[in-house]
Amino acid sequence: MDCRLLTAGSYSIPYGNCARHSRVILMGYPKTRRKLTKNLRYPMRSRLPPNLGTNLFLKNKKTVKETCPPDRTDEEGEEKNGSEDGNEIVWGPDEIEAITSLFQGRIPQKPGKLGRERSLPLPIPHMLRPLGLPTPKKHVKRAGTPETMFSRAPLYKQVYKSPGVLIGLAREIKNLPAEKDVSLVLNKCSKFLQKGSLSMTVRELGHLNLPERALQTFCWVQKQPHLYPDDRILASTVEVLARNHALKVPFDLRRFVGSASASGSVIEAMVRGFTKGGSLHLAWKLLSLAKANDMMLDSSAYAKVIIELGKNPDRYALVESLLNELGDRQDLTLSQQDCTSIMKVCIRLGKFEIAESLYEWYKQSGNDLSIVMYTTLIHSRCLEKKYREALAVVWEMEESNSLFDLPAYRVVIRLFVALNDVSRASRYFARLKESGFSPTYDVYKDLIKLYMASGRLAKCKDICKEAELAGFKLDKQVISRLLQLDREKIVMRF
């Protein structure tokens, strides 16, 4: 193979001279010239622009060998030669200066904010509604008759669930003439009613003192196969009739309670009706028969009877038996009002341990304690002479941030009077007046006794004047005691 040395130009030189004095590329190729590859013949990247920071055109021209790098191809050398022949573009000084000035410094921006802010998204249609309460639907009428009820819900749902409609039926029945039957009103909406719907109508008729109309309504329901049998309307009717003394009590109550027709809800309704109507002996008898027949009635039925019987001292023995029955139950469920009322009955009977047990049971059940229950417990412990335990309830009541009412202030002041704590009694008396309550006579009397026992005669006279200005007349014993203290004070001076 005949090899030659090829320089950056298009001419060849001998091997010896090239190796010593010239920077050349050593290449070996055959006699036939090798064709350049496509990427060398047509390079994809264009030539880099000249560095305009320096004026290249004003410098001295270099030779072809100096300006052309040694690794250029033959075609690039030919282009250089062509440019030297006269086709080279020559820039004038003014043009070069203008081009150079464009790349010196920052290009001026448009006036205004340089940082662009992203525009907010378009508002969603359902978010265009202003904040506040929902828009009232004025097209819905709140009338009491089915004919005037227009809503988006189906009509049968409006009738059998709406209290306004069911109470309105009772008022329409009340406005009927005495010779007219309730069917004139009920037939209009019979197809929209369901089981239990008219129980509220029957109760409303009882509140309107119309037991006969309630019985007529129940008789009309019995003729409707899609509304009867129903224990709810039966219980409501029995309760209304029992409360108004219009229920025909069977001669043999024992057989009635033991029969299959007497369900638990009906017995409870009879007990509530007899209790509200004042027939407490019948209510107590029903409870006794229910226990004998192993019938579990609701705890609220026992609570109502105990509360009413506890108002009469002659019936305390019956109350004790009912309290024992209520204490033996495992599924005891009482409301806060019923629990507090039973505690007051127990205090009246002297059963303080039962009152404590009810309080602990209600507290352990996770229910919120009211100021009335706290006051009842403090009163119970004061009567039992457990003043320190009662004081612990006062601190518990303060920690719970309960708002004191007038009975609470009375009980707490009486506790501090019993403890002979003048400062705390005076403090709670001031809080009582700051809360806007008017002190009662027993509060004034307790404070006068406390100040007398502590020897503060001037404070006693101030409380007496305040009580007289409030319209109270002091007892003769208090006045005589004050006169006696005045005499003793005068004697001590001399």
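Residues numbered from 1 in each chain as written. Predicted model: local features only at pLDDT ≥ 70, side-chain atom pairs only at ≥ 80, totals over all residues. Heavy atoms only, no water.

- Going by an unreviewed UniProt entry, the protein chain carries the name Pentatricopeptide repeat-containing protein and comes from Cannabis sativa.

**A few points about the overall build of the protein chain**
No. 1: When helices and strands are counted, the protein chain shows 25 helices and 2 strands.
No. 2: For the protein chain, the residues scored as buried account for 34% of the 494 residues in total.
No. 3: Pairs at least 24 residues apart make up 62% of the contacts formed inside the protein chain by residues separated by at least 6 positions.
No. 4: Surface accessibility of the protein chain: about 33500 Å² in total, with carbon and sulfur atoms responsible for 54%. (Helix = DSSP H or I, 4+ residues; strand = E, 2+ residues; numbered from the N terminus. Buried < 20%, exposed > 50% of the residue type's maximum accessible area, 1.4 Å probe, protein only. Contact = heavy atoms within 4.5 Å. Areas by Shrake-Rupley, 256 points an atom, 1.4 Å probe, with all protein chains shown as cover.)

**With respect to the UniProt feature "repeat: PPR" (unreviewed entry) in the protein chain**
No. 1: Per the UniProt annotation, the sites labelled "repeat: PPR" (unreviewed entry) are residues 405-439.
No. 2: The span residues 405-439 is 74% helical and 0% strand by assignment, and the distance between its end C-alpha atoms comes to 11 Å. (UniProt positions renumbered as here; feature names shortened; annotations may be inferred.)

**Details of helix 14 (residues 280-292)**
No. 1: Spanning 13 residues, helix 14 covers 18 Å between terminal C-alpha atoms, matching the ideal 18 Å at 1.5 Å per step.
No. 2: All of the buried residues in helix 14 are Leu280, Leu282, Ala283, Leu286, Leu287, Leu289 and Ala290.
No. 3: Looking at the residues trailing helix 14, positive phi occurs at Asp294, about 55°. (Expected span 1.5 Å × (residues − 1).)

**Remarks on the environment of Thr375**
No. 1: Within the secondary structure layout, Thr375 lies in helix 19 (residues 371-383).
No. 2: Residues Thr375 and Val394, 19 residues apart in the sequence, show an inter-C-alpha distance of 8.7 Å.
No. 3: Discounting residues that sit within four places of it in the chain, Thr375 has contacts with Pro407, Ala408 and Val411.
No. 4: Separated by 2.7 Å, the side chain of Thr375 and the backbone oxygen of Ile371 make a polar contact. (Polar contact = N/O pair within 3.5 Å; in protein donor to acceptor, adjacent residues only side chain to side chain.)

**Some details on the side chain of Arg243**
No. 1: Relative to the elements of secondary structure, Arg243 occurs in helix 11 (residues 231-243).
No. 2: One buried charged side chain, Arg243, makes no salt bridge at all; its nearest oppositely charged neighbour is Glu239, positioned 4.1 Å away.
No. 3: Those residues in contact with Arg243, other than ones at most four positions away along the chain, are Gly206, His207, Gly273, Lys276 and Gly277. (Lys, Arg positive; Asp, Glu negative; His and termini not counted. Salt bridge = Lys/Arg side-chain N within 4 Å of Asp/Glu carboxyl O.)

**Quick notes on the packing of aromatic side chains**
No. 1: Tallying each qualifying case throughout the model produces 9 aromatic pairs.
No. 2: One aromatic cluster in this structure is built from Phe404, Tyr409, Phe416, Tyr428 and Phe437.
No. 3: One cation-aromatic arrangement involves Arg431 over Phe404; the distance from NZ or CZ to the ring centre is 5.3 Å. (Phe/Tyr/Trp six-rings, centres within 6.5 Å; stacked < 30°, edge-to-face > 60°. Lys NZ or Arg CZ within 6 Å of the ring centre and 35° of its normal.)

**So, the packing of helix 21 (residues 406-418) against helix 22 (residues 422-434)**
No. 1: Taken N-terminus to C-terminus, the directions of helix 21 and helix 22 make an angle of 165°; their axes are 9 Å apart at the nearest point. Judged on the interaxial angle alone, helix 22 and helix 21 are roughly antiparallel. Helix-helix and strand crossings are classified by hand; for helix 21 and helix 22 the assignment is left-handed. Only Arg424, Ala425, Tyr428, Phe429, Arg431 and Leu432 of helix 22 make contact with helix 21, whose side of the interface consists of Leu406, Tyr409, Val412, Ile413 and Phe416.
No. 2: For the contact of helix 21 with helix 22, the residue count by class is 9 nonpolar, no polar and 2 charged. (Axes fitted to C-alpha atoms, helices over the stretch in contact; angles between N-to-C directions. Parallel < 35°, antiparallel > 145°, perpendicular 65-115°, else oblique. Left-handed = near helix turned anticlockwise from the far one by under 90°. Nonpolar A, V, L, I, M, F, W, Y, C, P; charged D, E, K, R; others polar.)

**Thoughts on the nonpolar core**
One broad trend across soluble globular proteins is that nonpolar side chains are buried collectively.
No. 1: Ranked by internal contacts, the top residues of the largest apolar core, which has 110 residues, are Ile342 and Ile378.
No. 2: Looking at this core element by element, the count peaks at 8 residues for helix 21.
No. 3: If sequence neighbours within four positions are ignored, Ile342 has contacts with Ala303, Ile307, Leu323, Leu326, Leu334 and Leu358. (Core = buried A, V, L, I, M, F, W, Y, C linked by side-chain atoms within 4.5 Å.)

**Quick notes on the pattern of salt bridges**
No. 1: Here the structure, examined in full by the defined rule, presents 17 salt bridges.
No. 2: A salt bridge links Asp442 to Arg410, with the shortest nitrogen-to-oxygen separation between them at 2.6 Å. Of the two residues, Asp442 is situated in helix 23 (residues 441-454) and Arg410 in helix 21; the sequence distance between them amounts to 32 residues.
No. 3: With its nearest N and O atoms 3.4 Å apart, the salt bridge here joins Glu466 to Lys433. Remark: Lys433 occurs in helix 22 and Glu466 occurs in helix 24 (residues 457-469); sequence separation between them is 33 residues.
No. 4: A cluster of three or more residues bridged by salt bridges with shared partners is formed by Arg410, Arg414, Asp442 and Asp446.

**Details of helix 16 (residues 316-327)**
For an α-helix, 3.6 residues make a turn, and residues three or four places apart therefore share a direction.
No. 1: Over its 12 residues, helix 16 runs 16 Å from end to end, which matches the ideal 16 Å to within 8%, given 1.5 Å per residue.
No. 2: Within helix 16, the full set of buried residues consists of Tyr316, Val319, Leu322, Leu323, Glu325 and Leu326.
No. 3: Looking at the buried positions of helix 16, the neighbouring elements they touch are helix 14, helix 15 (299-309), helix 17 (336-349) and helix 18 (352-364).

**Brief notes about the state of the cysteines**
Two cysteines joined by a covalent bond between their sulfur atoms form a disulfide.
No. 1: Under the counting rule described, the total for this entry stands at 0 disulfides.
No. 2: Distance from the sulfur of Cys464, which forms no disulfide, to the nearest cysteine sulfur (Cys460) is 6.4 Å.
No. 3: Cys464 sits in the buried class, given a relative accessible area of 6%. (Disulfide = S-S within 2.5 Å.)

**Some words on the packing of helix 11 against helix 13 (residues 264-277)**
No. 1: Helix 13 packs onto helix 11 with a crossing angle of 20° between their chain directions and a minimal axis gap of 7 Å. In this view, helix 11 runs roughly parallel relative to helix 13, as classed from their interaxial angle. The two elements helix 11 and helix 13 cross, and the hand of that crossing is right-handed. Residues Asp231, Leu234, Ala235, Val238, Glu239, Ala242 and Arg243 of helix 11 lie in contact with helix 13, whose contacting residues are Ser265, Val266, Ala269, Met270, Arg272, Gly273, Phe274, Lys276 and Gly277.

**A look at the environment of Cys464**
No. 1: Take Cys464: it is sitting in helix 24.
No. 2: With 14 residues separating them along the chain, Cys464 and Val478 place their C-alpha atoms 9.4 Å apart.
No. 3: Filtering out sequence-adjacent residues up to four positions away, Cys464 remains in contact with Ile448, Leu474 and Leu482.

**Observations regarding unusual backbone geometry**
No. 1: With an omega of 5°, the peptide bond running from Tyr228 to Pro229 counts as cis.
No. 2: Within the fold, Pro229 resides in the loop between helix 10 (211-222) and helix 11.
No. 3: Its identity as a non-glycine residue notwithstanding, Asn401 has a phi of 55°, on the positive side.
No. 4: Note on placement: Asn401 falls in the loop between helix 20 (387-399) and helix 21.

**Some words on the confidence of the model for the protein chain**
No. 1: Mean pLDDT over the protein chain works out to 77, with 70% of the residues at or above the 70 mark.
No. 2: Long-range and interchain partners of residues 1-29, a stretch whose pLDDT sits below 50, account for 29 contacts in this model, where long-range means more than four residues apart.
No. 3: Between residues 143-151, whose pLDDT stays under 50, and residues either more than four places distant or in other chains, the model counts 22 contacts. (pLDDT = per-residue confidence, 0-100.)

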